Amino acid sequence: MVKLMDALTVERASGRRAEEARAQEAPIEAGKTVGNIIVDDPIFSCRDVDVFYGEKHAIRKVGIDIGRNSVLAMIGPSGCGKSTFLRCLNRMNDTIPNARVAGSILLDGKDIHDRKQDVVQLRARVGMVFQKPNPFPKSIYENVAYGPRIHGLAGDRVELDEIVHHSLQRAGLWEEVKDRLAQPGTSLSGGQQQRLCIARTIAVNPEVILMDEPCSALDPIATARIEDLMEELRQSYAIVIVTHSMQQAARVSQRTAYFHLGDLIEVGETDRIFTNPRHRLTEDYITGRFG
Amino acid sequence: MALSLEGHTTRAFDGDLSSLHLQAVAMGALVIEQVQLAVNAYSSWDRSIATLVLEREREINLYDAEIEAAALQLIARRQPMAQDLRAVFAIDKVVTELERAADEAKKLALAVLAESDASGFRPGAASAREARALGRVAAAMIRAALEAFDRLEPGAAASVVQQDEEMDAEYANALRRLLTHAMEDPRRLQATIEAAFIMRSLERIGDHARNIARHVRFIGGLDGAPTRVWPTSSSRADPTERDVL
């Protein structure tokens, strides 16, 4: 009986502890992310990243590692800073007047804001796929060949052909376009255009592929093809995807990061985030209780 | 900023979850009544009550099928996540436990209707006291488990565990007494064995209640914190408080 009472006391106490833990969640402190932000041998290691657009503090003290050969999904309501953070990773925010980035972002241990860092090189190593497919107004072949050519990756036409072939094949597009390489990229369907953009990105041998809602303009079948492709591509690259579809985040990623009003609230294994999130805000967002 | 807003942005989702929750609680209330009725039928060896138990069993099975179908629909249409997903998953399991508890209660009614003992000796007469004692604990355990399910308080589930200890003690007592009866008069052996099976059924109802408590904890998640997954809690007008007998 005494043993039983002890067990009950422990039970109540643990319930109380959990309640206290929940109560302590507010107010949010910048840089206090729930979950493990560290991974072994990260490709990107970001600490205390702040972004300002003029006076506006867009993201606050974001710290997270990005692992190799895995997909990191970033979710959160509009304006939460997930795209802003994504754009930090290949210094796309440099192109926005008034934008200022602070903190440390290391790619393979080297600061991407180093004065010696060539931004064009950086964007080849860290490629990006956008929400709306944006092929160049050129042929399918030229869309893929353009990057390798300006980066001098091919010695001659045969090598360039090889790169184009290989990239289109990896992007799962080769069979559909091999007989029409000279046609304009814009003649393809939306899903094909998006895969063409992925082929264009991987043609320059990136290490990381950033995707900003890559499927939001696509139908479910084209979406499924891109998701399937992501699973294949992660064998060779690290992928960071921003998505508004929680089901997509759950399907494609190994880790998930939840942003809220400029703060990185929670990071964790995707398996856990969607069944057992730790932070109430994450819970509220993924269960559709606000946002 | 408001930390926790009540309910889903999609209000129809609240309606779906709420209806699942209320249906499960209503089914639970029916099962409690069923246990009490079955014990009554058995201990007073009343064929008319036993027949009533069998009729109500169909109603319970219907609840089981309806709730399962509704849970499946909710998963397909809403793709619940996190606490919602755990809750729907748990509801399905809770309902299965309730249905099995009702199956055990049915066995008491079937024993009464079978009248298998040729010598005219009724197992119910030999073990009415034991059946009432075990039945009382079993019904109380289901009620406590349902309250825990309804209010989603992690502490509430603990009381079910406590009652399970009581159940074990009552069960051991009952078997001991039945054994004594059998030794006194070997002609009672068949009836005693039948009665022992009945005691076992009642004890199993307690096990189902304990499993329900486990599923309630699962809804709470890793840290076992109180959740507020039910959009409307029926705890104020407690449907399990109805008195049938």
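Treat the numbers as computed from the prediction; the structure is a model and nothing was measured.

1. Focus: the packing of helix α4 (residues 140-150) of chain A against helix α7 (residues 190-202) of chain A
Between two packed helices, the angle of one axis relative to the other and the distance separating the axes together describe the packing.
Residue and element names in this part refer to chain A.
Here comes step 1: At their nearest, the axes of α4 and α7 sit 7 Å apart, and the two run at 30° to each other. With respect to their mutual orientation, α4 and α7 come out roughly parallel. Here α4 runs over α7; the crossing is right-handed. Here Ile140, Asn143, Val144 and Gly147 of α4 come into contact with α7, specifically with Leu196, Ala199 and Arg200.
Here comes step 2: Taken together, the residues that form the contact of α4 with α7 break down as four nonpolar, two polar and one charged.

2. A closer look at the sheet that holds strand β1 (residues 44-53) of chain A
Residue and element names in this part refer to chain A.
Here comes step 1: The strand order β2-β1-β4-β5 describes an open sheet built from four strands, whose pairing is antiparallel. This sheet does not close on itself; its edge strands, each paired only once, are β2 (56-66) and β5 (110-111).
Here comes step 2: Sheet topology places β1 next to strand β4 (residues 99-107); eight bridges connect them, and they run antiparallel. Note that in β4 the partner of Cys46 across the bridge is Ile105.

3. Section: the packing of helix α1 (residues 11-43) of chain B against helix α2 (residues 47-78) of chain B
Residues and elements named next belong to chain B.
Here comes step 1: Packing of α1 against α2 brings their axes to within 9 Å, and their N-to-C directions diverge by 160°. The pairing of α1 with α2 is recorded here as roughly antiparallel in orientation. Note on packing geometry: the crossing formed by α1 with α2 is left-handed.

4. With respect to helix α5 (residues 154-184) of chain B
Here comes step 1: Taking 1.5 Å as the rise per residue, α5(B) with 31 residues should run 45 Å; its terminal C-alpha atoms sit 47 Å apart, in good agreement.
Here comes step 2: Along α5(B), the positions that sit buried rather than exposed are B:Pro154, B:Ala156, B:Ala157, B:Ala158, B:Val160, B:Gln163, B:Met167, B:Glu170, B:Tyr171, B:Ala174 and B:Leu178.

5. Some thoughts on the sheet that holds strand β3 (residues 71-75) of chain A
Residue and element names in this part refer to chain A.
Here comes step 1: As summarised here, the arrangement of the six strands in space is β6-β7-β8-β3-β9-β10, forming an open sheet in which the pairing is mixed. Strand pairing shows two members of the sheet lacking a second neighbour, β6 (126-129) and β10 (263-269), which therefore form its edges. Neighbour to neighbour, the strand axes of the sheet diverge by 20° on average, direction disregarded.
Here comes step 2: Summarising the sheet, strand β9 (residues 255-260) and β10 pair through six bridges and their orientation is antiparallel. In the sheet register, Phe259 faces β10, and the bridge partner there is Leu264.
Here comes step 3: In the packing of α7 onto the sheet, contacts are made with β6 and β7 (208-212), and the angle to β6 comes to roughly 170°.

6. Concerning the pairing of β1(A)
All names here are of chain A.
Here comes step 1: Relative to β2, β1 runs antiparallel, the two sharing seven bridges. Note on β2: the bridge partner recorded for Phe52 is His57.
Here comes step 2: Between β1 and β2, which follow one another and run antiparallel, lie two residues, and Gly54 among them has a positive phi close to 65°.

7. Focus: unusual backbone geometry
Residues and elements named next belong to chain A.
Here comes step 1: In this structure, Asn98 is a non-glycine residue whose phi angle is positive, near 75°.
Here comes step 2: Tracing the chain through its elements places Asn98 in the loop between α2 (82-88) and β4.
Here comes step 3: Even without a glycine there, the phi angle at Glu213 is positive, about 45°.
Here comes step 4: Turning to its location among the elements, Glu213 is positioned in the loop between β7 and α8 (220-233).

8. A look at the confidence of the model for chain A
Here comes step 1: On average, residues of chain A score 89 in pLDDT, and 90% of them are at 70 or above.
Here comes step 2: Low confidence marks residues 1-25 of chain A, where pLDDT is under 50. Its contacts with residues over four positions away, or in another chain, come to 21 contacts.

About the cut-offs
- Residues numbered from 1 in each chain as written.
- Chains lettered and ligands numbered in written order.
- Predicted model: local features only at pLDDT ≥ 70, side-chain atom pairs only at ≥ 80, totals over all residues.
- Axes fitted to C-alpha atoms, helices over the stretch in contact; angles between N-to-C directions.
- Helix = DSSP H or I, 4+ residues; strand = E, 2+ residues; numbered from the N terminus.
- Parallel < 35°, antiparallel > 145°, perpendicular 65-115°, else oblique.
- Left-handed = near helix turned anticlockwise from the far one by under 90°.
- Contact = placed C-beta atoms within 7 Å.
- Nonpolar A, V, L, I, M, F, W, Y, C, P; charged D, E, K, R; others polar.
- Pairing = 2+ DSSP bridges.
- Expected span 1.5 Å × (residues − 1).
- Buried ≥ 20, exposed ≤ 12 C-beta atoms within 10 Å, placed from the backbone.
- pLDDT = per-residue confidence, 0-100.

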